[in-house]
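Results of the structural survey
Given next are the chains, with one letter for each unit.
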Amino acid sequence: MLRVLSFLLLFSLPLATTAPATAQSVARASTGLDRRLDQAADDPAMRPLKVVIVARGGRVLAERGFHGHSPAESTNIKSASKSIISALVGIAIDKGLLKGPDQKIAPILKADLPETPDPRLNDITIGNLLSMQTGLDRMSGPNYGRWVSSRNWVRFALSQPFVDQPGGEMLYSTASTHLLSAILTKVSGRSTLALAQEWLGPVDGFRIGAWERDPQGIYLGGNQMAMSARSLLAFGELYRNGGKTAEGRQVIPADWISRSWQHRTNSRFSGDEYGYGWFTRQIGGEQVHFAWGYGGQMLYIVPSLDLTVVMTSEESGPSARNGYRDLLHGLLADIIGEVRPPD
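What counts, and at which threshold
- Residues numbered from 1 in each chain as written.
- Predicted model: local features only at pLDDT ≥ 70, side-chain atom pairs only at ≥ 80, totals over all residues.
- Heavy atoms only, no water.
- UniProt positions renumbered as here; feature names shortened; annotations may be inferred.
- Helix = DSSP H or I, 4+ residues; strand = E, 2+ residues; numbered from the N terminus.
- Buried < 20%, exposed > 50% of the residue type's maximum accessible area, 1.4 Å probe, protein only.
- Contact = heavy atoms within 4.5 Å.
- Salt bridge = Lys/Arg side-chain N within 4 Å of Asp/Glu carboxyl O.
- Polar contact = N/O pair within 3.5 Å; in protein donor to acceptor, adjacent residues only side chain to side chain.
- Pairing = 2+ DSSP bridges.
- Axes fitted to C-alpha atoms, helices over the stretch in contact; angles between N-to-C directions.
- Core = buried A, V, L, I, M, F, W, Y, C linked by side-chain atoms within 4.5 Å.

1. Quick notes on the UniProt feature "domain: Beta-lactamase-related" (unreviewed entry) in the protein
Residues annotated in UniProt with the feature "domain: Beta-lactamase-related" (unreviewed entry) correspond here to residues 51-326. Helix makes up 27% of residues 51-326 and strand 19%. Its end C-alpha atoms lie 17 Å apart.

Encoded structure:
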């Protein structure tokens, strides 16, 4: 039986402005955002939308709960949590617990390798897991159920057949980020949740609620993590601010954020660029880095505008397949248009 354990890390999110903006421009943007969010509230196609928060330079310009939902309520951020796993890996490398993205994973996970392992398992690196380029068959989509029904998720993932070479095509798989959670647990001797509590605890506003574990007690890397929209905003603000808290404390190495956003492969489903746990595409004429979870759990960062936007949604269906994700991208494009300074 899966075990769920709730831990609450309660903080408050500072609203200090770091990006230059006049009072008139802020008022104009806020008025335009209110109108656009009113339209979203009235749009039947946007019915799954639960919360939108828009912040620029650390200042919240708009915060709206839809259909009775609140920005403070906990929600399952689904695969948006893969970006949090990536952050923990970057910190582990900085602390010397891991050697770097080129480190091979087989020596760390040798206890869970198959009895007669495919030699290509020795070629998989930390970076391959982060960029979904292990070559192993995917444990997402139609394969997800049988994977999480297995007795040992790590062992099951490592026993899958190779459908590509390590470092080849992107094969989106939650098993890849779960192996990272197992690796973090192995090298630190502590749970992934304990590491998140210590390493991301200094981030004001950050909160993790319930988080599912596998039969061995390893926290599920890349799914089934509960956070509020405000908590997700706090995490996004950390990335927007180069890994620093509002007080200037370096929590994530700045170079890890750059490496995470570097184009390494492309999604075969959307064509979007993918780095280490982050997607990238052009939206509203700007380069946008984003975390994306099933149903429409979105964390957008637009560095050129010092903009961080969170959108959470009901887990009512696959947002890419039913077109809902594109509606969220369109909403972001309109938000970008409202906050972009006039020429």
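2. Some details on helix H7 (residues 192-199)
With 6 of 8 residues buried, H7 is to be regarded as a mostly interior element. Here H7 has its buried residues at Thr192, Leu193, Ala194, Leu195, Ala196 and Trp199. Against helix H2 (82-94), helix H6 (174-188) and strand E5 (210-213) lie the buried residues of H7.

3. Here we look at unusual backbone geometry
Located in the positive-phi region is Lys78, a residue other than glycine, with phi close to 50 degrees. Residue placement: Lys78 occurs in the loop between strand E4 (74-76) and H2. By relative accessible area, which is 13% here, Lys78 ends up buried. Not every positive phi belongs to a glycine, and Met132 is a case in point at roughly 60 degrees. By secondary structure assignment, the location of Met132 is in the loop between helix H3 (126-130) and helix H4 (144-148).

4. Focus: the pattern of salt bridges
Inspection of every chain in the model, using the stated rule, returns 14 salt bridges. The salt bridge involving Glu63 is made with Arg230; its shortest N-O contact spans 2.9 Å. Taken as a pair, Glu63 in strand E3 (residues 59-65) and Arg230 in helix H8 (residues 229-240) lie far apart in primary sequence, 167 residues in all. Under the relative-accessibility criterion, Glu63 is labelled partly exposed at 36%. Accessibility expressed as a relative area gives 36% for Arg230, which makes it partly exposed. With its nearest N and O atoms 3.0 Å apart, the salt bridge here joins Arg325 to Asp326. The class for Arg325 is buried, based on a relative accessible area of 9%.

5. Some thoughts on the side chain of Gln297
By the secondary structure assignment, Gln297 is in strand E11 (residues 297-302). Residue classification places Gln297 among the buried residues on the basis of a relative accessible area of 0%. There is a polar contact of 2.9 Å between the side chain of Gln297 and the backbone oxygen of Ser313.

6. Comments concerning the pairing of strand E9 (residues 279-283)
Taken together, the 2 bridges between strand E8 (residues 273-274) and E9 define a ladder with antiparallel strand orientation. Opposite Tyr274, over in E9, you have Phe279 as the bridge partner. Here E8 folds back onto E9, and the loop between the two strands holds 4 residues, one of which, Gly277, carries a positive phi near 85 degrees. In this structure, E9 lies alongside strand E10 (residues 286-293), joined through 5 bridges in antiparallel fashion. Each residue of the ladder has a partner; that of Thr280, found in E10, is His289. Hairpin remark: E9 followed by E10, antiparallel, with 2 residues in the connecting loop; positive phi at Gly284, about 60 degrees.

7. Here we look at the sheet that holds E10
The strand order across the open sheet formed by 8 strands is E3-E2-E12-E11-E10-E9-E8-E7, and the pairing between neighbours is antiparallel. Both outer strands of the open sheet, E3 and strand E7 (265-266), are each paired with one neighbouring strand and no more. Examined bridge by bridge, E11 and strand E12 (residues 307-313) share 5 bridges and lie antiparallel to one another. What sits directly across from Tyr300, in E12, is Val309. Across the sheet, helix H10 (residues 324-339) touches strand E2 (49-56), E3, E9, E10, E11 and E12, and the angle it forms with E12 is around 150 degrees.

8. Some points on the nonpolar core
Val89, Leu98, Leu200, Phe235, Tyr239 and Ile252 are the most contacted members of the largest nonpolar core, which has 69 residues in total. Sort the elements by how many residues they give to this core and H2 lands first, with 8 residues. Ignoring sequence-local partners within four residues, the contact set of Tyr239 consists of Ser83, Ser86, Ala87, Ile252, Trp256, Ile257, Ser260, Trp261, Trp278 and Ile301. In this structure, Ala40, Leu61, Ile283 and Leu307 belong to the second largest nonpolar core, which totals 34 residues.

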